Amino acid sequence: MLSRKELIELYKKGDLFELGQIAHEIKEKIHGKKYYYTINRHINYTNICVLNCKFCGYHKKPEEEGAYTLSIEEILERLSQENSLREVHIVGGLNPALPYDYYLNLIRKIKKLKPYIRIRAFTCVEIDFLSKISKKSVEEVLYELKEAGLSAIPGGGAEVFSERIRKELYPTKISSERWIEIAKTAHKLGIKTNATLLFGHIETVEEVVDHLLRLREIQEETGGFEAFVPLAFIPENTELSHLREPSSQKILKTIALSRIILDNFPHIKAYWVFLGIGLSQVALLWGADHIHGTVIEEKISEAMKREPVKKLPPEEIEKLIYEIGGHPVLI
Ligand code: SF4
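Residues numbered from 1 in each chain as written. Predicted model: local features only at pLDDT ≥ 70, side-chain atom pairs only at ≥ 80, totals over all residues. Heavy atoms only, no water.

A. View of the overall build of the chain. In terms of regular secondary structure, the chain is built from 14 helices and ten strands. For the chain, the spread of C-alpha atoms along the principal axes amounts to about 50 × 45 × 40 Å. A total of 331 residues make up the chain; the buried ones form 59% of that total. Sequence separation of 24 or more characterises 76% of the internal contacts of the chain that already satisfy a separation of 6 or more. Counting every atom, the chain has about 14000 Å² of accessible surface; 51% of that belongs to carbon and sulfur. (Helix = DSSP H or I, 4+ residues; strand = E, 2+ residues; numbered from the N terminus. Buried < 20%, exposed > 50% of the residue type's maximum accessible area, 1.4 Å probe, protein only. Contact = heavy atoms within 4.5 Å. Areas by Shrake-Rupley, 256 points an atom, 1.4 Å probe, with all protein chains shown as cover.)

As structure tokens, this is what we get:
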């Protein structure tokens, strides 16, 4: 493994193709020609949130126009329309009007409706919130959610593990130490988690490298991460709308760097909802091995871009993979 200094140099001085080649070789060593996807549906159960992260164009106050909360019945209705689902992906804002029981009942009822799907729900930020509203420890909350049917937790809320950026962009969000503590607790209980990086705003290369090295270190300790999901910042309709979105070059270099540093993570995702379908396909040659899934509906990026996310059907995902010479694997 290269040193921190060498990694920073590699990113700054290495050209796009050099980084891509190194990352792709690591990907091929781990997965050969296989590229992964799943048939999933996102559920964003509420956009009401007590926090106000500057990069987020999704959150609303309860009285604001467009604020919503889905009932458990509405969520079950949406899920019952999908027959071949392998996974449901549930994230939302921190809504003080929802009781702790809502979360447990939601998981229990989904488990009853679709016993064979993976339920990936509630980021470390939401788990911290659940611990506060229930006055239970994180370990108890995770244990109860697991008992209810939770399979895994998504990677959101990690943002960038830099105190400088946290103070600037999301000062009221849980600290990186708290996020890490919750992820490690989940791993201890046998709950796999993902990890994200929100990049392309005010972060430096040094901060990105430190974020990735920290994740690598945690993975060495727990082995509990399934996938790393680099999220390209969407500036529209946020408090940071004066910034430009990251260039394709920056996106591909960041994905390549992720694969190089996180060679102990099973998967690096090309999350097409944030990257776009075309660039996600290219990212599969720059170190990513997983194109996420069908998604069906996603309200977070929709709120920023103000345009609906169109479902990506499995046959289209497979076509994208075949076009780059890969073998699709449905997981
Ligand atoms: S990023 Fe999440 S926690 Fe922050 S304001 Fe948006 S919904 Fe709330």
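From this point, the discussion proceeds with the structure in view.
B. View of the side chain of Glu207. Positionally, Glu207 belongs in helix 9 (residues 205–222). Residue classification places Glu207 among the buried residues on the basis of a relative accessible area of 13%. Excluding residues that lie within four positions of it along the chain, Glu207 makes contacts with Val160, Ser162, Arg164, Ile165 and Ile202.

C. Broad picture of the pattern of salt bridges. The final tally for this structure, using the stated rule, is 27 salt bridges. Arg216 is the partner of Glu220 in a salt bridge, and the nearest nitrogen-oxygen pair spans 3.6 Å. One end of the pair, Glu220, and the other, Arg216, are both in helix 9, four residues apart, so they sit about a helical turn from each other. In this structure, the salt-bridge partner of Asp289 is Arg259, at a minimum N-O distance of 3.3 Å. Of this pair, Asp289 sits in the loop between helix 12 (277–283) and strand 9 (290–293) while Arg259 sits in helix 10 (residues 248–261), placing them 30 residues apart in sequence. For Asp289, a relative accessible area of 0% gives the class buried. A single salt-bridge network, built from bridges that share partners, covers Arg41, Arg78, Glu297, Lys299 and Glu302. (Salt bridge = Lys/Arg side-chain N within 4 Å of Asp/Glu carboxyl O.)

D. Representation of the site of the ligand. Around the ligand sit Cys49, Leu51, Asn52, Cys53, Phe55, Cys56, His59, Gly93 and Lys173, and those are all the residues in its vicinity. In terms of residue class, the shell around the ligand is built from five nonpolar, three polar and one charged. (Near = heavy atom within 4 Å. Nonpolar A, V, L, I, M, F, W, Y, C, P; charged D, E, K, R; others polar.)

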